[in-house]
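Below, each chain spelled out in residue letters.
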Number of protein chains: 2
Amino acid sequence: MSGTGEFDLIARYFTRPARRSPLGVGDDCALLAPAAGMQLAVSTDMLVEGRHFLSTVDPARLGHKALAVNLSDLAACGARPLAFTLALSLPAVDAAWLEGFSRGLFALADAHGCELVGGDTTRGPLNLCITVFGEVPAGAALLRSGARAGDDVWVSGTLGDARLALEVFRGTLALPADSFELARGRMEQPTPRVALGMALRGIATAAVDISDGLVGDLGHILKASGVGARLDADAAAKLLATGDSTGLDIDLRRLCALAGGDDYELAFTAPPAARAAVEQAGRASATPVTRIGAIEAEAGLRLVDAQGAAVTQRFASFDHFA
Amino acid sequence: MSGTGEFDLIARYFTRPARRSPLGVGDDCALLAPAAGMQLAVSTDMLVEGRHFLSTVDPARLGHKALAVNLSDLAACGARPLAFTLALSLPAVDAAWLEGFSRGLFALADAHGCELVGGDTTRGPLNLCITVFGEVPAGAALLRSGARAGDDVWVSGTLGDARLALEVFRGTLALPADSFELARGRMEQPTPRVALGMALRGIATAAVDISDGLVGDLGHILKASGVGARLDADAAAKLLATGDSTGLDIDLRRLCALAGGDDYELAFTAPPAARAAVEQAGRASATPVTRIGAIEAEAGLRLVDAQGAAVTQRFASFDHFA
């Protein structure tokens with residue numbers, strides 16, 4: 001479904017020599033052949049202006065983010081990225097925007113050996129839809145359904161800074177300039193934890209990527225696994241990359257860490273006997289990992305503070321329809 | 001990337017028991033395993049309101065069309081449909097719309113044994129992005145690049161009626177009621193030629209699906225194959241399903257058939273020695289096939305009328321950025 005103008009667009013900014021796919025962008029279909037014994041992991045995310053990114057975002061950062069949120073889903077399955085398709089609705093053909101967007105997109109794609117194999121472009125309100133393909137040995141994918149009572153709950157990297165940056169853009173809070181730049185970087189250029197996800201194959205019992213906030217996304221593991229959990233809200237609040245530099249009170253830091261959204265870290269579970277293995281997976285992938293709770297047989301999520309007392313603050317999951 | 005409300009939406013209208021995929025909708029990734037010796041054919045199409053469909057379209061017909069245009073890409077490769085993902089941006093949660101859309105979508109999906117394995121929903125201007133997966137024996141995919149001088153040029157089914165219907169909606173022409181309903185059906189519920197595409201494996205030398213008009217899409221074959229072609233414009237004009245019933249002049253009927261857009265038929269090439277095999281493939285797939293031209297060594301497309309005289313009328317490809 002590509003007319004002449006569209007086709008020129010694709011050719012100019014998005015066509016590169018095909019590597020992995022027998023066909024590059026331009027035939028009706030791309031052809032992929034997973035290696036013997038491998039399953040193909042597939043995920044789709046759609047990004048809409050004003051909901052997933054601000055209209056003022058640097059296009060190179062947007063190109064990074066559009067692919068990063070998809071790679072994050074592969075990471076949560078422990079899959080190695082192979083390829084992706086890009087469908088793009090644009091209000092107008094803007095060469096500077098396309099140059100920046102494709103530069104940011106391909107920089108991240110190349111860093112992960114992930115090849116653009118097909119796509120579609122059309123005119124319309126700005127919308128980016130990427131479908132990403134990875135491979136994982138048959139039976140080795142990390143799922144949401146494997147958490148068991150007694151497992152530890154871990155998270156990768158940092159939490160909550162993207163939400164802080166969003167609130168600054170919304171004008172609901174102010175941050176020191178250095179803290180804002182750090183938080184903005186987390187919002188606009190999240191780091192998909194691909195290497196960690198692959199290193200956790202055979203170690204983690206369940207995993208999910210944190211796109212809507214830790215509480216909501218961990219909830220998917222709890223529901224799929226038929227278990228509950230206890231989480232240390234203060235340990236989570238310590239995971240803001242901006243740390244104490246923001247001068248924000250503990251309630252707000254807990255809120256951002258637990259329900260901020262847009263983190264693209266991994267939340268995962270593993271038995272206590274695997275603690276050394278989890279820490280080794282973190283080192284091997286150069287990704288910080290922090291233990292912040294435990295899976296329990298009783299359904300529901302119980303938040304406690306550093307002293308073990310119940311936290312009564314309410315945390316809603318970030319909802320793209322809210 | 002699914003929050004609570006989104007998740008409820010997916011669960012209500014789009015979750016069905018998983019069949020082919022080891023995982024259904026709801027984990028971070030779907031897992032697919034093509035059979036041994038098979039390649040996976042992948043294609044993505046994005047549909048935007050006002051460009052690919054009218055805001056007044058019946059949602060069940062839109063659900064059909066959104067998948068049909070993607071299945072049409074698989075057909076052009078000769079691939080058997082396996083699965084698809086759906087990303088949906090909706091301005092609001094409208095239960096009646098979702099019920100109709102999912103009903104039309106799944107009716108076509110079920111008819112082709114094509115399973116929904118993942119997706120994303122968000123709030124935003126109406127946008128539908130489907131990525132479809134099929135399988136084809138390694139090396140057997142129909143490509144755009146195999147046409148050779150001396151090959152016949154064939155098209156499946158009917159051409160041009162979708163454009164007639166669009167022009168009625170635009171108010172630029174009037175049709176008798178029966179003709180309009182027929183044309184509207186071709187516009188709103190195109191028939192992906194999946195069975196024909198599979199039957200043409202090993203017979204057709206090149207194939208493309210006609211989404212932007214025969215002239216433009218055949219042009220992709222000519223360019224990829226390094227050849228030209230001669231087309232009988234009057235034979236093409238006879239392929240309108242509405243036939244003589246519209247009372248329209250020959251120039252307009254040629255225009256719609258050759259450059260109307262939205263046909264989702266196959267244009268393909270095959271050597272003259274394969275004529276009986278092509279006709280048998282058409283019968284076996286219950287799909288009309290019509291020979292309307294020939295591939296020539298000289299680059300470019302030459303249109304002739306029924307008497308073999310050059311047609312000087314200009315035909316632009318339908319361009320989604322026009």
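Keep in mind that what you see is a predicted model, and the values were worked out from it rather than measured.

Definitions and limits used
Residues numbered from 1 in each chain as written. Chains lettered and ligands numbered in written order. Predicted model: local features only at pLDDT ≥ 70, side-chain atom pairs only at ≥ 80, totals over all residues. Heavy atoms only, no water. Buried < 20%, exposed > 50% of the residue type's maximum accessible area, 1.4 Å probe, protein only. Helix = DSSP H or I, 4+ residues; strand = E, 2+ residues; numbered from the N terminus. Pairing = 2+ DSSP bridges. Axes fitted to C-alpha atoms, helices over the stretch in contact; angles between N-to-C directions. Contact = heavy atoms within 4.5 Å. UniProt positions renumbered as here; feature names shortened; annotations may be inferred. Parallel < 35°, antiparallel > 145°, perpendicular 65-115°, else oblique. Left-handed = near helix turned anticlockwise from the far one by under 90°. Domains from an automatic or database assignment. Salt bridge = Lys/Arg side-chain N within 4 Å of Asp/Glu carboxyl O. Phe/Tyr/Trp six-rings, centres within 6.5 Å; stacked < 30°, edge-to-face > 60°. Right-handed = clockwise from strand over helix to strand, strands pointing away. Nonpolar A, V, L, I, M, F, W, Y, C, P; charged D, E, K, R; others polar.

Overview of unusual backbone geometry
Leave glycine aside and you will find that most residues have negative phi; peptide bonds, for their part, are mostly trans.
Then, in step 1: In this structure, Ala286(A) takes a positive phi of about 55° despite not being glycine.
Then, in step 2: Judged by its relative accessible area of 68%, Ala286(A) falls in the exposed class.
Then, in step 3: One non-glycine residue, Tyr264(B), adopts positive backbone phi at about 55°.
Then, in step 4: As for its position among the elements, Tyr264(B) is in the loop between α9 (250-259) and β9 (265-270).
Then, in step 5: We classify Tyr264(B) as buried; its relative accessible area is 2%.

Examining the sheet that holds strand β2 (residues 38-48) of chain A
Then, in step 1: Pairing is mixed in the open sheet, where 5 strands are placed in the order β4(A)-β3(A)-β5(A)-β2(A)-β1(B). The strands lining the two open edges of the sheet, one partner per strand, are β4 (115-123) of chain A together with β1 (30-32) of chain B. Pairs of neighbouring strands in the sheet enclose a mean axial angle of 20°, with direction left out of account.
Then, in step 2: Pairing between strand β3 (residues 80-90) of chain A and β4(A): 8 bridges, direction parallel. Following the sheet pairing, Ala87(A) is matched in β4(A) by Asp120(A).
Then, in step 3: Lying over the sheet, helix α2 (residues 59-77) of chain A contacts β2, β3 and β5 (127-137) of chain A, oriented at roughly 30° with respect to β5(A).
Then, in step 4: Across the face of the sheet, helix α3 (residues 95-111) of chain A comes into contact with β3, β4 and β5 of chain A while running at roughly 165° to β3(A).

Side note on the UniProt feature "binding site: Mg(2+) 3" (unreviewed entry) in chain A
Then, in step 1: UniProt's feature table lists "binding site: Mg(2+) 3" (unreviewed entry) at Asp28(A), Asp73(A) and Asp209(A), given in the numbering used throughout. The greatest C-alpha distance among the annotated residues, which extend across 182 residues, is 32.0 Å, indicating that they are dispersed rather than converging on a single site.
Then, in step 2: Excluding anything up to four places from it in sequence, Asp28(A) contacts Val42(B), Ser43(B), Asp73(B), Ala76(B), Cys77(B), Arg144(B), Ala207(B), Val208(B) and Asp209(B).
Then, in step 3: Looking at the element boundaries, Asp73(A) is found in helix α2.
Then, in step 4: Aside from chain neighbours lying at most four places away, what touches Asp73(A) is Ser43(A), Asp45(A), Asp209(A), Asp28(B) and Cys29(B).

Some details on the packing of helix α2 (residues 59-77) of chain B against helix α3 (residues 95-111) of chain B
Residue and element names in this part refer to chain B.
Then, in step 1: Put simply, α2 and α3 touch, their axes get as near as 6 Å, and they point 40° apart. Judged on the interaxial angle alone, α3 and α2 are oblique. Considering only the axes of α2 and α3, their crossing is right-handed. Residues Pro59, Ala60, Leu62, Gly63, His64, Ala66, Leu67, Ala68 and Leu71 of α2 touch α3, and the partners they reach there are Trp97, Gly100, Phe101, Arg103, Gly104, Leu105, Leu108 and Ala109.

As for helix α4 (residues 161-170) of chain A
Residues and elements named next belong to chain A.
Then, in step 1: The buried fraction of α4 is high, at 7 of 10 residues.
Then, in step 2: Taken together, the buried positions of α4 are Asp161, Ala162, Arg163, Leu164, Ala165, Leu166 and Glu167.
Then, in step 3: Looking at the buried residues of α4, the elements they touch are α5 (177-188) and α9 (250-259).

Points about the domain arrangement of chain A
Residues and elements named next belong to chain A.
Then, in step 1: Here the domain parsing of chain A yields domain 1 (4-137) and domain 2 (152-304).
Then, in step 2: Relative placement of domain 1 and domain 2: their C-alpha centres are 26 Å apart.
Then, in step 3: Between domain 1 and domain 2, the residue contacts involve 21 residues of the former and 19 residues of the latter.
Then, in step 4: Linking domain 1 with domain 2 are 2 salt bridges.

Examining the packing of aromatic side chains
Then, in step 1: Applying the stated criterion across every chain yields a total of 7 aromatic pairs over all chains.
Then, in step 2: Relative to Phe101(A), the ring of Trp97(A) lies with its centre 4.8 Å away and its plane at 10°, an arrangement referred to as stacked. Note that Trp97(A) and Phe101(A) are positioned in helix α3 at a spacing of 4 residues, about one turn of the helix.
Then, in step 3: For Phe101(A), a relative accessible area of 0% puts it in the buried group.
Then, in step 4: Ring geometry for Phe169(B) versus Phe180(B): centroids 5.5 Å apart, planes at 65°, classification edge-to-face.

A few points about the sheet that holds strand β10 (residues 289-296) of chain B
All names here are of chain B.
Then, in step 1: Strand order in the open sheet formed by 6 strands is β7-β9-β6-β10-β8-β11, and the pairing between neighbours is mixed. Among the strands making up the open sheet, the edge pair consists of β7 (206-210) and β11 (300-304). Strand-to-strand twist of the sheet, defined as the mean angle between neighbouring strand axes without regard to direction, takes the value 25°.
Then, in step 2: One ladder, built from 4 bridges, connects strand β8 (residues 228-232) with β10; its direction is antiparallel. Paired with Arg230 across the bridge in β10 is Ala294.
Then, in step 3: Strands in contact with α2 are β7 and β9; relative to β7, the strand with the most contacts, it is inclined by about 170°.

Examining the pairing of β3(A)
Residues and elements named next belong to chain A.
Then, in step 1: Of all 11 residues in β3, 10 are buried, a share of seventy percent or more.
Then, in step 2: For β3 and β5, the ladder comprises 9 bridges, and the chain directions are antiparallel. Within β5, the residue paired with Phe84 across the bridge is Val132.
Then, in step 3: Traced from β3 through α3 to β4, the parallel crossover comes out right-handed.

Things to note about the side chain of Ser156(A)
Then, in step 1: Mapped onto the secondary structure, Ser156(A) falls in strand β6 (residues 152-156).
Then, in step 2: When neighbours within four sequence positions are excluded, Ser156(A) is seen to be in contact with Arg193(A), Leu196(A), Glu265(A), Leu266(A), Phe268(A), Thr287(A), Pro288(A) and Val289(A).

Considering the packing of α2(B) against helix α5 (residues 177-188) of chain B
Residue and element names in this part refer to chain B.
Then, in step 1: At a minimum axis distance of 9 Å, the contact between α2 and α5 shows a crossing angle of 55°. As far as their axial angle goes, α5 and α2 are oblique. The segment α2 lies against α5, with Arg61, His64 and Lys65 engaging Arg184, Gly185, Met187 and Glu188.
Then, in step 2: When grouped by side-chain class, the residues that make up the contact of α2 with α5 number 1 nonpolar, 2 polar and 4 charged.

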